[in-house]
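Letter by letter, the chains look like this.
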Amino acid sequence: MRVGFGYDIHKFRSNNEGYLRLGGVEIIEAPQLEGHSDGDSLIHAVIDALLGAAGAGDIGEIFSPNDPSLKGIDSRELLLRVERLLQSRNLEVINLDMTIIAEKPRLSGYIKSMRESIAGVMNLSTTAVNIKATTNEGMGLIGNGEAIAAMAVVLIED
């Protein structure tokens, strides 16, 4: 058994363009997060947790922010690539547990769709994927509604 942990944070785009994508789900009530890809901080945290558990580095090593082919890419595609890497190493995901930290937008209505999205990409049962949301109690960039952070922990078996 191996355990991996991931963390990611992104600011909202200052020009309020685009829409938020989090956990592979589009949320039109908030602008897009900054990032080389689509800025999906939840999936990025999952990717780092998976890569950590596999001993395969981190998201920046595998998917360079300097790679123009990754500009604006859907993070679900990056997650799929990491899933294939795990398969090639005969590593099986047992479960994922994630926490989103955001003051806005309210996420409770999207959690189920996010679980289904991530489980679908990784070919897992939704019972193996858990997502929680909390606030930062008004403190810092997250508390001011300027950013969203996410944490993920994964258990894999070799």
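Note that residues are indexed from 1 along each chain, following the sequence as it is written. Reporting of local features is limited, given that this is a predicted model, to residues whose pLDDT is at least 70; pairs of side-chain atoms are given and counted only at 80 or more, and all residues count toward the totals for whole chains, interfaces and linings. As a convention, hydrogens and water are excluded, and side-chain values are obtained from all of the structure's heavy atoms.

### A short note on the sheet that holds strand β4 (residues 92-101)
Part 1 of the argument: When DSSP finds two or more bridges between a pair of strands, those strands are recorded as paired. A run of DSSP states H or I qualifies as a helix once it reaches four residues; a run of E qualifies as a strand once it reaches two. Both are numbered from the N-terminal end. Pairing is mixed in the open sheet, where four strands are placed in the order β1-β6-β4-β5. The open sheet terminates on both sides in strands that have one partner only, identified here as β1 (2-11) and β5 (129-134). On average, each strand axis in the sheet is inclined to that of its neighbour by 15°, with strand direction left out of account.
Part 2 of the argument: In this structure, β1 lies alongside strand β6 (residues 147-157), joined through ten bridges in antiparallel fashion. When the bridges of β6 are listed, R2 appears paired with I156.
Part 3 of the argument: The criterion used for residue contact is that any of the two residues' heavy atoms lie within 4.5 Å. Each axis is a line fitted through C-alpha atoms, and for a helix only the stretch in contact is used; angles between axes span 0 to 180 degrees, taken between their N-to-C directions. Lying on the sheet, helix α4 (residues 111-122) is in contact with β4 and β5; it crosses β5 at an angle near 145°.

### Thoughts on the nonpolar core
Part 1 of the argument: Here the nonpolar core consists of buried residues drawn from Ala, Val, Leu, Ile, Met, Phe, Trp, Tyr and Cys, with membership extended through side-chain atoms lying within 4.5 Å. The buried label applies to any residue whose accessible area, calculated with a 1.4 Å probe on protein chains only, is under 20% of its type's maximum; exposed applies above 50%, and partly exposed to all values in between. Among the nonpolar cores identified, the biggest contains 49 residues, and L50, L96, I100, M114 and I118 are the most heavily contacted of them.
Part 2 of the argument: Per-element accounting of this core gives the leading share, ten residues, to helix α1 (residues 41-54).
Part 3 of the argument: Discounting chain neighbours no more than four positions away, the residues touching I118 are G23, L42, I43, L79, L96, M98, V129 and I131.

### Points about α4
Residues spaced three or four apart along an α-helix face the same direction, because each turn holds 3.6 residues.
Part 1 of the argument: Given the number of residues in a helix, its expected span is that number minus one, multiplied by 1.5 Å. With twelve residues, α4 should cover 16 Å at 1.5 Å per step; its first-to-last C-alpha distance of 17 Å lies within 8% of that length.
Part 2 of the argument: All buried positions along α4 are accounted for by I111, M114, S117, I118, A119, V121 and M122.
Part 3 of the argument: Buried residues along α4 sit in contact with β2 (20-22), β3 (25-27), α1, α3 (75-88), β4 and β5.
Part 4 of the argument: Phi turns positive, to about 55°, at N123, one or two residues after α4.

### Thoughts on the packing of α1 against α3
Part 1 of the argument: Put simply, α1 and α3 touch, their axes get as near as 10 Å, and they point 15° apart. It follows from the interaxial angle that α1 and α3 lie roughly parallel. Note that α1 runs across α3; the crossing there is left-handed. When α1 is examined against α3, the residues I43, H44, V46, I47, L50, L51 and A54 are found in contact with a partner set consisting of S75, R76, L78, L79, V82, L85 and L86.
Part 2 of the argument: Classifying every residue of the contact of α1 with α3 gives eleven nonpolar, two polar and one charged. In this scheme, roughly parallel covers angles under 35 degrees and roughly antiparallel covers those over 145, while 65 to 115 is roughly perpendicular and the rest are oblique. By the definition used in this description, the sense in which the near helix is turned from the far one sets the handedness, with an anticlockwise turn below a right angle giving left-handed and a clockwise turn giving right-handed. Classification used: nonpolar for Ala, Val, Leu, Ile, Met, Phe, Trp, Tyr, Cys and Pro, charged for Asp, Glu, Lys and Arg, polar for all others including Gly.

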